[in-house]
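# Notes for the structure review
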Amino acid sequence: MSKSNDTMSKTFTVIITLCLVCSIIVSGAAVGLKERQEANAAMAKQLNILRTAGVDLEGRAADQVFAERVTIYTFNLETNELTSRGSLLELDEAIATASSLTVPEKGREAGIRSLRAEIPVFAIKADDGSVSSYVLDVAGAGLWGMMHAFFAVAPDAQTIMGLNFYDHMETPGLGGEIQNQRWRSNFEGKKAVDDSGEVAIRVRKGAGDNEVDALSGATITSNGVDNTFQFWLSRDAYGAFLAKIREEGAN
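The numbers attached to residues start from 1 for each chain and follow its sequence in the written order. Local features in this predicted model are restricted to residues of pLDDT 70 or higher, and side-chain atom pairs are both shown and tallied only at a pLDDT of 80 or more, whereas totals for entire chains, interfaces and linings draw on every residue. Derived side-chain values reflect all non-hydrogen atoms in the structure, with water molecules and hydrogen atoms excluded from consideration.

## Looking at the pairing of strand β6 (residues 131–141)
Residues in a regular strand point their side chains to alternate faces of the sheet. Going by this rule: Each residue is placed in one exposure class: buried if its accessible area under a 1.4 Å probe, protein chains only, is under 20% of its type's maximum, exposed if it is over 50%, and partly exposed if it falls in between. Working definition: helices are DSSP H or I runs of at least four residues, strands are E runs of at least two. Numbering for both runs from the N terminus. For two strands to count as paired, DSSP must find a minimum of two bridges between them.
Most of β6 sits inside the fold, with 9 of its 11 residues counted as buried. Where strand β5 (residues 118–125) meets β6, 5 bridges bridge the pair, whose relative direction is antiparallel. Counted as the bridge partner of isoleucine 124 is serine 133 from β6. Between β5 and β6, which pair antiparallel one after the other, the connecting turn spans 5 residues, and glycine 129 there sits at a positive phi close to 95 degrees. With 8 bridges connecting them, β6 and strand β7 (residues 146–153) associate as antiparallel partners. Bridge pairing in β7 places valine 138 opposite alanine 149. Hairpin geometry of β6 and β7 is characterised by an intervening segment of 4 residues between the two adjacent antiparallel strands.

Right, dumping it as structure tokens:
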């Protein structure tokens, strides 16, 4: 009697073959799309930086406007040196290869687990070539995960010009309101740091002078935003850069 084609060994052979074929197709697609995915991520980052600074694209592509209006730097927290970087890729490489620093207490309170000596700075140019604002990249822990934002300050290195949470996992309608322009606009015009360099901006219930009212029903998220500023605007982070700009002038 001939053996049946429907044997266990043949069934497994078909399954394994299908799995291998599918794996090859998926791997090939991932490799083929990697360059496009990286380009899309870079474009999104450029767009968010420009939006934070209030730059009008005027119908043009974000990468074109970014190339004309933005100068990329890293600021070294160990040496206070500002170094020009030619591209976002070069920026990422500089940060990734920079030495690791011990996270200060305020950083741990903000949920920061690792800190590199190089941090990114984006100088936005006005039409006449002068610096119109600086955009800083900050992050802090919210209720469900890290909240990432771009933060724009004026050339005086004190006045807040914009805030844009570009990545977070906060609850829609509650903590997710950190993305609401009506709430974010409350930061504009306030002081990030005072004349002595101490962090001036606060997020609190019943906000007072130079404070922003906490989000209703989102205490943990609001505290997370406040902790984010308390660390990143301190002299352990961007506060050192802002002090350098105030002392040496916008460049």
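## Some details on the sheet that holds strand β2 (residues 82–85)
Test applied: Note on geometry: axes are lines fitted to C-alpha atoms, helical ones only across the stretch in contact, with angles between N-to-C directions running from 0 to 180 degrees. Contacts: residue pairs with any heavy atoms within 4.5 Å of one another.
If you trace the 6 strands from one edge of the open sheet to the other, you get β2-β1-β5-β6-β7-β8, paired in antiparallel fashion. Strands at the two margins of the open sheet, each flanked by one partner only, are β2 and β8 (160–167). If you compare each strand with its neighbour and ignore which way they point, the axes differ by 30 degrees on average. In terms of strand pairing, strand β1 (residues 70–76) meets β5 through 7 bridges, oriented antiparallel. The residue of β5 that forms the bridge with valine 70 is isoleucine 124. Here helix α2 (residues 62–69) sits on the sheet in contact with β1 and β5, set at roughly 65 degrees to β1. With respect to the sheet, helix α7 (residues 238–248) is in contact with β1, β2, β5, β6 and β7, its orientation differing from that of β6 by roughly 165 degrees.

## Some words on the layout of surface pockets
The cut-off we apply is this: Cavities and pockets were defined on a 1 Å grid built from protein atoms only: a cavity is a group of points that admits a 1.4 Å probe but offers it no way out, a pocket is an open group of points flanked by protein on both sides within 12 Å along at least five of seven lines, and a lining residue is one with an atom within 4 Å of any such point. Grid points are joined across faces, edges and corners, and a volume is the space filled by probe spheres set on the points. Three classes are used: nonpolar for Ala, Val, Leu, Ile, Met, Phe, Trp, Tyr, Cys and Pro, charged for Asp, Glu, Lys and Arg, and polar for all others, with Gly counted as polar.
Put simply, the largest pocket is a space of about 380 Å³. In terms of lining, the largest pocket is formed by 18 residues, of which the most central are Ile95, Ser114, Ile119, Pro120 and Trp232. Its residues placed into classes, the lining of the largest pocket shows 11 nonpolar, 2 polar and 5 charged.

## Quick word on the side chain of threonine 52
Relative to the helices and strands, threonine 52 is located in helix α1 (residues 8–52). Residue classification places threonine 52 among the buried residues on the basis of a relative accessible area of 4%.

## Overview of the nonpolar core
Rules: Here the nonpolar core consists of buried residues drawn from Ala, Val, Leu, Ile, Met, Phe, Trp, Tyr and Cys, with membership extended through side-chain atoms lying within 4.5 Å.
Tyr134, Phe151, Trp183, Phe187, Val225, Trp232 and Leu233 are the most contacted members of the largest nonpolar core, which totals 45 residues. Elements supplying a minimum of two residues to this core: β1, β5, β6, β7, β8, α6 (219–232) and α7. Element by element, the count of residues in this core is highest for α7, at 5 residues. Other than its neighbours up to four places away in sequence, phenylalanine 151 contacts Thr52, Tyr134, Val135, Leu136, Ile160, Gly162, Leu163, Ala192, Phe229 and Leu233. Listed in part, the 17 residues of the second largest apolar core include Leu57, Val70, Phe150 and Ala152.

## Quick notes on the packing of aromatic side chains
Keep this limit in mind: For Phe, Tyr and Trp, rings pair up if their centres lie within 6.5 Å, where Trp contributes its six-membered ring, and each pair is then called stacked (planes under 30 degrees apart), edge-to-face (over 60) or tilted (otherwise).
This structure, assessed with the given rule, holds 9 aromatic pairs. Relative to phenylalanine 187, the ring of tryptophan 183 has its centre 5.1 Å away and its plane inclined at 80 degrees; by these criteria the two rings are edge-to-face. Grouping residues by exposure puts tryptophan 183 and phenylalanine 187 together as buried. Here the aromatic cluster, defined as three or more aromatic residues joined through ring pairs, consists of Phe151, Trp183, Phe187 and Phe229.

The values are spatial; any link to function lies outside them.
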